[in-house]
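The chain contents come next:
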Amino acid sequence: MLTGIKKLISVIALFLLFQQPVKAQLIDTITYSLHQKPKFFFMLASFNTFIDKQFANIGGVRMGLNYNQRVRFGVGFFNLTNNAVVTPLNIKENQLDYITNGQLYFSFASLSAEYFFFNKYPWQCTFTPFQMGFGRAKYGYISRPDRIKAYTPSETIILYQPEISAQYNVFKWLGAGVSTGYRFTLLRSRKATKDLNAATFALDIRIFLDQVYKLLLKKE
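Residues numbered from 1 in each chain as written. Predicted model: local features only at pLDDT ≥ 70, side-chain atom pairs only at ≥ 80, totals over all residues. Heavy atoms only, no water.

Asker: Describe the nonpolar core, with residues and values.
Answerer: Counting residues in each nonpolar core, the largest one holds 22 residues, and the members touching the most others are I51, I58, L80, L104 and F106. Counting residues per element, this core draws most heavily on strand β5 (residues 96–120), at 4 residues. (Core = buried A, V, L, I, M, F, W, Y, C linked by side-chain atoms within 4.5 Å. Buried < 20%, exposed > 50% of the residue type's maximum accessible area, 1.4 Å probe, protein only. Helix = DSSP H or I, 4+ residues; strand = E, 2+ residues; numbered from the N terminus.)

Asker: Got a sec to walk through the environment of Q124? Specific residues and values, please.
Answerer: Among the secondary structure elements, Q124 is positioned in strand β6 (residues 123–143). What makes Q124 buried here is its relative accessible area of 12%. Separated by 43 residues in sequence, Q124 and Q167 have C-alpha atoms that sit 5.1 Å apart. Apart from the residues within four sequence positions on either side, Q124 is in contact with Q69, F116, F118, N119, S165, A166, Q167 and N169. Side chain to side chain, Q124 and Q69 meet in a polar contact 3.1 Å long. (Contact = heavy atoms within 4.5 Å. Polar contact = N/O pair within 3.5 Å; in protein donor to acceptor, adjacent residues only side chain to side chain.)

Asker: Go over the layout of surface pockets with me, naming the residues and quoting the values.
Answerer: Put simply, the largest pocket is a space of about 730 Å³. Along its surface, the largest pocket is lined by 37 residues, and Q69, R72, Q124, Q167 and F208 are the ones closest to its centre. Those elements that place two or more of their residues in the lining of the largest pocket are β1 (39–51), β2 (54–67), β3 (71–80), β5, β6, β9 (163–171), β11 (198–207) and α3 (209–219). Looking at which element gives the most residues to the lining of the largest pocket, the answer is β1, with 9 residues. Residue composition of the lining of the largest pocket, grouped by class: 14 nonpolar, 13 polar and 10 charged. Computed from the structure, the second largest pocket encloses a volume of approximately 200 Å³. Surrounding the second largest pocket, P88, L89, N90, I91, Y139, T152, P153, R190, A192 and K194 form its lining. A class-by-class count of the residues in the lining of the second largest pocket yields 6 nonpolar, 2 polar and 2 charged. (1 Å grid on protein atoms, 1.4 Å probe; cavity = no way out; pocket = protein on both sides within 12 Å on 5 of 7 lines; lining within 4 Å. Points joined across faces, edges and corners; volume = space filled by probe spheres on them. Nonpolar A, V, L, I, M, F, W, Y, C, P; charged D, E, K, R; others polar.)

Asker: For the packing of aromatic side chains, give the residues involved together with the corresponding values.
Answerer: The full count for this structure, using the stated rule, is 10 aromatic pairs. Pairing Y105 with Y151 gives two aromatic rings, centres 5.7 Å apart and planes at 70°, and the pair type is edge-to-face. Residue Y105 is found in strand β5, and its partner Y151 is found in strand β7 (residues 148–151); the two are separated by 46 residues along the sequence. A residue is classified by how much of its surface remains accessible, and Y105, at 29% relative accessible area, is partly exposed. Judged by relative accessible area, which is 41%, Y151 ranks as partly exposed. When the centroid spacing of 6.2 Å and the interplanar angle of 25° are considered together, the rings of Y160 and F184 count as stacked. (Phe/Tyr/Trp six-rings, centres within 6.5 Å; stacked < 30°, edge-to-face > 60°.)

Set out below in structure tokens:
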């Protein structure tokens, strides 16, 4: 499954970027779009993935500038929203060595660049060749013998997460979307966090808060 997803992303990237006629058209479209006045966007976002082979849901917000409904640059803030990622930890403290379960706490900020390769209302299809995440992760556990909540030292993590997405807009402020991609771990400062490399996928309802705000302003 993971191999298939990576191959799909590679094929789309090669098709868009290295086919000469498509490449020329792509550059022209991007150049024209970047000369247009950008519009601000702000939306709720979430996706599913696996961490240490366990299901995980990550949610947050994404905002930025949209150029001509073709190119979009964004910044996002995300965190692990479920408490299901629990991993055995080897703890050494107070001259005591033991194994206990640790609950993962994970959050990151992201920078992204997207290209709309199809945009005809109500459908939108995007390819995100650039999406970098900069975050921190740690585990919470019950310390022995005091039986109090403790945390492992935080670890710095840098991620790269390309993806493709399709969206159907029910209204301008509400859409249903599906996306898939793959998360690569580029840097782990302590190598304490368990396996983060995994596929990402989402089938969700998308709320565009900027459009909700505009709608409320019109009503006033």
